[in-house]
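Descriptive structure summary
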Number of protein chains: 2
Amino acid sequence: CWPHGELRRFSDQDKEYVGFATLPNQVHRKSVKKGFDFTLMVAGESGLGKSTLVNSLFLTDLYKDRRLLNAEERITQTVEITKHTVDIEEKGVKLKLTIVDTPGFGDAVNNTECWKPVADYIDQQFEQYFRDESGLNRKNIQDNRVHCCLYFISPFGHGLRPLDVEFMKALHEKVNIVPVLAKADTLTPMEVRRKKIKIREEIEQYGIKIYQFPDCDSDEDEDFKQQDQELKDSIPFAVIGSNTVVEAKGKRVRGRLYPWGIVEVENQSHCDFIKLRNMLVRTHMQDLKDVTRETHYENYRAHCIQSMTRMVVKERNRKYAPRRPRPIGQHQTGQGRTGRT
Amino acid sequence: CWPHGELRRFSDQDKEYVGFATLPNQVHRKSVKKGFDFTLMVAGESGLGKSTLVNSLFLTDLYKDRRLLNAEERITQTVEITKHTVDIEEKGVKLKLTIVDTPGFGDAVNNTECWKPVADYIDQQFEQYFRDESGLNRKNIQDNRVHCCLYFISPFGHGLRPLDVEFMKALHEKVNIVPVLAKADTLTPMEVRRKKIKIREEIEQYGIKIYQFPDCDSDEDEDFKQQDQELKDSIPFAVIGSNTVVEAKGKRVRGRLYPWGIVEVENQSHCDFIKLRNMLVRTHMQDLKDVTRETHYENYRAHCIQSMTRMVVKERNRKYAPRRPRPIGQHQTGQGRTGRT
């Protein structure tokens, strides 16, 4: 409905003012009315604190009915994909949050192609959206596209392990990958710094394209640019998760109580939890959605259309070829081209 | 880029606050960065003040190079469609405004089907968008869909004239029609009230579907609901346009200087100009765009797809029919169905 607040604010006295400066507010209001959705995937081997971190990030219990598998069960388990959805509300803003989990990933003895079910899942969501978007009734499309994948890197690896490289390279053109250094309370600040540099170098070296923060506008102030650079230098975010509240210096905080001290999740000198949450939720959530829609999905869609076109051409050639005699050389070229696609 | 303002506002102390309440702000900021566009069509016979009103609405001169036709030229003129685009900025918000004009509409002696070029124009924009949206590169689609059509009703008609009815009925499922009662300074307040009621009754009676303001939410306050009802009761907006500034009671205002007094365009007791501008620009511009996209365009697209499907089926029947003998009765049914589509 229309906002009379706007009308009061811009009185009739404001003669040289048309009023379209209210457009962003109209968009703002409509977005609140409609509500938001966000789909976050977490990936990485078992025990790195994926579920705990997600619960800490969104201050909600997404894994109420999770049953942990024992060693025997985990041997036979293959990578499966599970989805948890919660509706949360904050200051009148509604968010339908979906967490896509990949239990079993990297847990097998032989993890060859264990990224495949994950990649397939992402593609299936794109495929479903492509179908829905091409269909007749587009009013209530359910959008299950994955907007971000938090990839958990073990703090015990010397940088990236081959499985990490393989996973990220297989997924990086399908989803926004944000790498996190898990369970960072096992590392000293110096170790964290060194490991981060090593991992960033390896990401570069292996040509892995993780999620890129959008560039600063040239007209931003210095303070802003510095914060942006700090964010870029935090990759991979060193995180510690905790769902328990402990008492530290008289304050009740989320943390982990060790005999040698208390690790505070939300203390910026202890880890990057706050940086990650600010980025993921407060500053870049919409950008993650936009990049998913405008880049990853559009790539998928273009590939789809191109291979559909190729199939039609091939089918047509197959149909008409026998009637038209063709030189053998040309026929071979055609096959060669098919083989490469 | 990411807004550090958000980070400052929600300090780390705010322990039970995740931060996704900033999502509407992220959307707001992105919309400002991208800029807005709006396409407004004006229709109605010559001389009703269409150009003047548009210039008054947007405080800009959209018709700098317009040349008026003389009577002789207007006899041979058919309805043509012209487009004027201006980029305007207000408080940092950029708007690409396109005005689609329909000079020649209703000016002929015989105006049979003179709505046709207008309807065709709207369809062509939908068609172009449908093509672009179905194509491979969707990054920089130029969206020329018409978001609103101000339809100018002559103050001299006794309610709607047949041409008005025909135009609106031909267009009402393609575009958001907002009827305006033109040159309302020729009518006394009583005449305006009566004419509005008459026109609203006729719109109802002829089944014309003009743009519907979205319903108020039940949780809005009474003040708000009253303003909404007032807006609905203003249809058709009685308007007076003027590009000249005159002095009235010591203030400089947009108006028309008559020997018997000054008509002030922006005086709410003189006409509905302010109501129309508030609705069109400050409160409902985004809704007009949304209804265009979600209703009018989707209808067009559905029709397109359905008739494409029918053509494919027909083509297939034509191809395969001679091979399969069919009873004559069934064949006739098939033809009958084709005839009706």
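How each quantity is defined
- Residues numbered from 1 in each chain as written.
- Chains lettered and ligands numbered in written order.
- Predicted model: local features only at pLDDT ≥ 70, side-chain atom pairs only at ≥ 80, totals over all residues.
- Heavy atoms only, no water.
- Salt bridge = Lys/Arg side-chain N within 4 Å of Asp/Glu carboxyl O.
- Buried < 20%, exposed > 50% of the residue type's maximum accessible area, 1.4 Å probe, protein only.
- Helix = DSSP H or I, 4+ residues; strand = E, 2+ residues; numbered from the N terminus.
- Contact = heavy atoms within 4.5 Å.
- Polar contact = N/O pair within 3.5 Å; in protein donor to acceptor, adjacent residues only side chain to side chain.
- Least-squares fit on C-alpha atoms with pLDDT ≥ 70 in both.
- Phe/Tyr/Trp six-rings, centres within 6.5 Å; stacked < 30°, edge-to-face > 60°.

In the nomenclature of an unreviewed UniProt entry, chain A corresponds to Septin-type G domain-containing protein from the organism Gadus morhua.

1. So, the pattern of salt bridges
One pass over the full model with this rule turns up 44 salt bridges over all chains. For Asp164(B), the salt bridge is made with Arg161(B), and the minimal N-O distance between the two is 3.4 Å. What makes Arg161(B) partly exposed here is its relative accessible area of 27%. Residues Arg318(B) and Glu315(B) are paired through a salt bridge, measuring 3.1 Å at the closest nitrogen-oxygen approach. Here Arg318(B) pairs with Glu315(B), and both are found in helix α10 (residues 285-320), just three residues apart, close to one helical turn. The exposure class assigned to Arg318(B) is exposed, which follows from its relative accessible area of 57%. When salt bridges with common partners are traced through the structure, they connect Lys30(A), Asp287(B), Asp290(B), Arg293(B) and Glu294(B) into a single cluster.

2. Thoughts on the interface of chain A and chain B
Facing 78 residues of chain A, the contacting portion of chain B comprises 78 residues. Summed over the shared surface of chain A and chain B, the number is eight salt bridges. A salt bridge links Arg138(A) to Glu298(B); the shortest N-O distance between them is 2.5 Å. For the interface between chain A and chain B, the tally reads 36 residue pairs in polar contact (both at pLDDT 80 or more). With 12 residues, helix α10 (residues 285-320) of chain A is the single largest residue contributor to the side of chain A that touches chain B.

3. Comments concerning the side chain of Glu298(A)
Tracing the sequence through the fold places Glu298(A) in helix α10. What makes Glu298(A) buried here is its relative accessible area of 15%. A distance of 2.5 Å separates polar atoms of two side chains, one belonging to Glu298(A) and the other to Arg138(B). Among all residues touching Glu298(A), those that are not within four sequence positions of it are Arg293(A), Leu136(B) and Arg138(B).

4. Some remarks on the relation of the copies chain A and chain B
Each copy of the sequence occupies a distinct position, and chain A is placed on chain B by a rotation of 180 degrees and an axial shift of 0.0 Å, giving an RMSD of 0.0 Å. The transformation relating the two chain copies, once decomposed into turn and shift, fits a two-fold axis. For chain A, the minimum C-alpha distance to the rotation axis belongs to His28(A) and amounts to 2.7 Å. Comparing contact sets, 99% of the residues at the interface of chain A also lie at the interface in chain B, consistent with an isologous, same-surface contact.

5. Points about the packing of aromatic side chains
Evaluation of the coordinates by the stated rule reveals 12 aromatic pairs over all chains. Geometrically, the ring pair formed by Tyr258(A) and Trp260(A) is stacked, given 4.7 Å between the ring centres and 10 degrees between the ring planes. Note on Trp260(A): relative accessible area 69%, which makes it exposed. With centroids separated by 5.2 Å and ring planes inclined at 90 degrees, the aromatic side chains of Tyr129(B) and Tyr297(B) adopt a geometry described as edge-to-face.

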